[in-house]
Amino acid sequence: MDYQEILQQARTCVGPYCKACPVCNGIACKNTMPGPGAKGIGTGFIRNYQKWQELCVNLDTICENKPVDTSFDFFGATMAAPIFAAPVGAMKLHYGEKYDDMAYNDLLVSSCAAAGIAAFTGDGTNPAVMEGAVSAIHNAKGCGIPTVKPWDADTVKAKMDMVKAANPLAIAMDIDAAGLPFLKNLTPPAGSKTVEELRAISQYAEKPFLLKGIMTVRGAEKALEAGASGIVVSNHGGRVLDQCPATAEVLASIADAVGGKMMILVDGGIRTGMDVFKALALGADGVLIGRPYVTMVYGGGAEGVSVYTNKLIAELKDTMAMCGAHSLREIRRDMLFGY
């Protein structure tokens, strides 16, 4: 199947809330919760997508004619491209009955590894979710990044012990999940963490530790102070807070502050290889993509993941070639119009 056929197939089984739209821009699913939208009025998801579209690239083909290399070093592991599938959870609640979290993570992790990239996996109040994610990452020879939610200290320690056994590429914590409605007033408890608490978690991880949910320069500096190896600039796909800026709007200032000191990934509204290029030009080292990988899994399984990943890489290569960059390190901010 090609990309459009997989998308069409997804429409038959990914509902009722997700519409598997031709363009995943947050409009059709605006403020649907449960579903792929957001709490509140749902403008964050839409803004994330729109701000990438407002950026334009500078065409320049007066350069050496040579192959484009998208390979990416992720803490010593070579990836085919600086692209990751983002963590997504509560699959049956948000996306229909076809997959539960365990089946989704198992398929996503293995198929991303086969495509030369890696998947972040989610977490949930059901212990089986993390157990399944750890099993999937272990079976993929560690090619995955488990994401632990900001639970209480004892639960975080237990989750860390579990994920370290899979020898993953890195371990993440989506610190902005403290604002997700399904985590409020539930057991185990979850919530915000201090720099000191995060430093202890980072040390306990014994792996590159990524903090997901950073949206300010000060937040990035606090993550660095806490010993994080990297951050994910993310507002949880626009789900957790209305009237928050888009990740594309805050990325450059964050990269200027901590770039070169830690790895910077960005999530939220990225849909094409050209969007990936724009993110790298603003200062990111790599990107996370969530909802489109959901529709690819629902519509085409492992084939869907492969087709979409290859599409992203081809689009990234084409944009790089047309802008005069032949490796990731050659991508510069002045390759964006107006910078």
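Below you will find a few notes about this structure. (Residues numbered from 1 in each chain as written. Predicted model: local features only at pLDDT ≥ 70, side-chain atom pairs only at ≥ 80, totals over all residues. Heavy atoms only, no water.)

Notes on the side chain of Asn 105
Then, in step 1: Mapped onto the elements of the fold, Asn 105 is located in helix H4 (residues 101-114).
Then, in step 2: Accessibility expressed as a relative area gives 1% for Asn 105, which makes it buried.
Then, in step 3: Once you skip the residues sitting within four places of it in the chain, Asn 105 turns out to touch Val 88, Thr 121, Gly 122, Val 129, Ala 133 and Ala 136. (Helix = DSSP H or I, 4+ residues; strand = E, 2+ residues; numbered from the N terminus. Buried < 20%, exposed > 50% of the residue type's maximum accessible area, 1.4 Å probe, protein only. Contact = heavy atoms within 4.5 Å.)

Structural notes on the packing of aromatic side chains
Then, in step 1: This structure, assessed with the given rule, holds nine aromatic pairs.
Then, in step 2: On the numbers, 5.9 Å between centres and 25° between planes, the contact of Tyr 3 with Tyr 308 is stacked. Highlighted residues: Tyr 3 in helix H1 (residues 3-10) and Tyr 308 in helix H11 (residues 291-323), separated in sequence by 305 residues. Across the pair, exposure class does not vary: Tyr 3 and Tyr 308 are buried alike.
Then, in step 3: Judged by centre distance (4.8 Å) and plane angle (55°), the ring pair of Phe 74 and Phe 84 falls under tilted. Pair noted here: Phe 74 is in strand E1 (residues 72-74) and Phe 84 is in strand E3 (residues 83-85), with a separation of ten residues, a long-range link.
Then, in step 4: For Phe 74, a relative accessible area of 1% translates into the label buried.
Then, in step 5: Above the face of the Phe 45 ring, Arg 291 is positioned so that its terminal group lies 3.6 Å from the ring centre. (Phe/Tyr/Trp six-rings, centres within 6.5 Å; stacked < 30°, edge-to-face > 60°. Lys NZ or Arg CZ within 6 Å of the ring centre and 35° of its normal.)

What is shown is where atoms sit, not what they do.
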